[in-house]
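Close look at the chain arrangement
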Amino acid sequence: MSVALHTLSNGLRIVTEHMPGLQSACLGLWVNAGGRHERVEQNGIAHFLEHMAFKGTHRRTPLQIAEEIEDVGGYINAYTSREATAYYARVLKEDVPLALDLIADIVLNPAFDPSEIDIERGVILQEIGQVADTPDDVIFDWLQGVAYPDQALGRTILGPADYVCGFQRDDFIGFVAEHYGPGRMILSAAGAVSHDDIVRLAEAALGHLPPCGHPRPDPACFTGGERREVKALEQAHFTLALEAPAYRSDDIYAARIFATALGGGMSSRLFQEIREKRGLCYTINAHVGSYDDTGMMTIYAGTGAGDLPELVRLTVDELMRAADELSQAELDRARAQMKAGMLMGLESPSARAERLAQLVAIWNRVPPLKETIARIDAVTLDHLRGHGAAMVGSDKAAMALYGPVERAPGLTQLTEHLAA
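The sections below set out a description of the structure shown in this document. Only a predicted model underlies this, so the values are computations on that prediction, with no experimental measurement involved. Residue indices follow the written sequence of each chain, beginning from 1 at its first position. At least 70 in pLDDT is required for a residue's local features to be given in this predicted model, at least 80 for side-chain atom pairs to be given and counted, and no such filter applies to totals for whole chains, interfaces and linings, which use all residues. To get the side-chain values, take all heavy atoms of the structure and skip hydrogens and water.

The next thing to look at is the sheet that holds strand β9 (residues 283-290). Being paired, for any two strands, means DSSP has found at least two bridges between them. Only DSSP runs of H or I covering at least 4 residues are called helices, and only runs of E covering at least 2 are called strands; the numbering of each starts at the N terminus. Pairing is mixed across the open sheet formed by five strands, whose spatial order is β7-β11-β8-β10-β9. Every interior strand has two partners, whereas the edge strands, β7 (225-230) and β9, have only one. Neighbour to neighbour, the strand axes of the sheet diverge by 10° on average, direction disregarded. Two elements, strand β8 (residues 236-243) and strand β10 (residues 295-303), share eight bridges in a ladder whose sense is antiparallel. Within β10, the position partnered with H237 by the bridge is G302. Helix α11 (residues 308-325) contacts β8, β9, β10 and β11 (398-403) of the sheet and is inclined by roughly 20° relative to β8. Fitted lines through C-alpha atoms give the axes, limited to the stretch in contact for helices. The angle between two N-to-C directions lies from 0 to 180 degrees. The contact definition used throughout considers only heavy atoms, calling two residues in contact when any of these lie within 4.5 Å.

Structural data, given as structure tokens:
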């Protein structure tokens, strides 16, 4: 594998990784503009804009976009997160120039036809409705909102329906002008690609973009709080979050190993104690999500109304015990899970391209795999327990509950228990 990084004169970064033996490639543009870059009145526009990329450009109709990529057996898609929007395609190696041309076209030249805006508005409203009918999607939005109240990072990616109903052509043009500059874009490609060829194609398609400023979002502050919605559902849905490290923190790998040992697999403490020994749930897990300046360790479980109080109590007890009692064997197992998951996940060009873009966005370089593995291996048991104790000892937590949750203990009770 060979990673190469190049920056055009206008600030656009290009990162590639050639993967010998492959006949396909993935490439895309990752733009540092997501939900947390929106003002309050713009909430949902980054996601809406992502949809509009496929609704026609000045050169192609929506049908032509779909036909051109599928005529060569390719695949094109996009997603919006809280910190980025990505537009990417997977094609055979001979069709890489077509894919790059398509991606550049839909990102730089969207037509924003008012009739297409209205059509896609209806699609997004259906998407919002679908999420509202999915409790284990809704509850994570609520948890984000109570963790970061009155902040861009706490708002939903889809935005409220009334905002979506109000966005017009000039709103999209304004958001693009403010955020879609070359210095905030990363062109990433992996698989059957030549770095020199990608740079040459990118210079032709993207090199003309003028440099622009890099407005930063407001700093995030994990505040914590509780949201509880009682509804007649089959299951009670429970989430609990504690603040975790940001991407660049020295504690990031300790946090991820801790979450893996706590609730990252079938051998984890939460799974064994709450599901296997007591049969209180079907699903329970813990994971860490990180951002530029903050992060969250989130625990999720779904259970019956009658079992919810015991499940919540046991979850907090296991969290506290993990901070005090995690063993070397648990550390070694979680570490092995992390390394294997990372390496297995990098066997596809799509995963490689996404990883390259994310690393360049965080570090402005691509740390070698051996460097990342060394950082994982460097986490000691004392470091792990110390991190767990500091996280559990915080007086800030966030909790969201949905369904028949009347009997669940409140957040104040849980935080008092954690502090005991």
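The discussion continues.
Here we come to helix α7 (residues 169-179). Helical geometry: 3.6 residues make up each α-helical turn, so side chains three or four residues apart lie on a common side. Here α7 has its buried residues at F172, F175 and H179. Buried residues of α7, viewed axially, fall in a sector of 65°; they line one side. Facing away from the buried side of α7 by over 90 degrees, the exposed positions are D170 and A177. Taken together, the buried residues of α7 touch β3 (24-31), α1 (45-52) and α4 (114-132). Throughout this description, buried means an accessible area under 20% of the type-specific maximum (1.4 Å probe, protein chains only), exposed means over 50%, and partly exposed covers the range between. Along the arc lie the directions from the helix axis toward the C-beta atoms.

Any Phe, Tyr or Trp ring, taking Trp's six-membered ring, that has another such ring centre within 6.5 Å forms a pair; planes under 30 degrees apart are called stacked, those over 60 apart edge-to-face, and the others tilted. Inspection of the entire model under this criterion finds ten aromatic pairs. Ring centres of F48 and F167 lie 6.2 Å apart, and the angle between their planes is 70°; this geometry places the pair in the edge-to-face category. Placement of the pair is F48 in helix α1 and F167 in the loop between α6 (161-166) and α7, with a sequence separation of 119 residues. Accessibility assignment for this pair places F48 and F167 in one class, buried. Pairing Y148 with F222 gives two aromatic rings, centres 5.6 Å apart and planes at 90°, and the pair type is edge-to-face. Pair noted here: Y148 is in the loop between α5 (135-147) and α6 and F222 is in the loop between α8 (195-206) and β7, with a separation of 74 residues, a long-range link. Across the ring face of Y253, the terminal group of R256 is positioned such that the distance to the ring centre comes to 5.9 Å. Whether a charge sits over a ring depends on NZ of Lys or CZ of Arg being within 6 Å of the ring centre and within 35 degrees of the ring normal.

Helices are assigned an expected span. That span is 1.5 Å times one less than the residue count. Spanning 19 residues, α4 covers 27 Å between terminal C-alpha atoms, matching the ideal 27 Å at 1.5 Å per step. All buried positions along α4 are accounted for by E116, I117, E120, R121, I124, I128 and V131. Looking down the long axis of α4, one finds its buried residues gathered within 140° of arc, a one-sided arrangement. For α4, the exposed residues lying more than 90 degrees away from the buried face are Q126 and Q130.

Here we come to the environment of L206. Locating L206 in the fold gives a position in helix α8. For the pair L206 and L187, spaced 19 residues apart in sequence, the C-alpha to C-alpha distance is 9.7 Å. Look past the residues within four positions of L206 in its chain and what remains in contact with it is N10, L12, L29, A104, L108 and L187.

Here we come to the pattern of salt bridges. For this analysis, a salt bridge means a side-chain nitrogen from Lys or Arg found within 4 Å of a carboxyl oxygen belonging to Asp or Glu. Scanning all chains against the criterion turns up 28 salt bridges. Between R60 and D101 there is a salt bridge, with the nearest N and O atoms lying 2.6 Å from each other. Here the residue R60 occupies a position in the loop between α1 and α2 (62-71), and D101 occupies one in helix α3 (residues 96-108), the gap between them amounting to 41 residues. For R60, a relative accessible area of 6% gives the class buried. Salt bridges sharing partners connect three or more residues here, namely R59, R60, E68, D101 and D105.

Geometric values such as these leave the question of function open.
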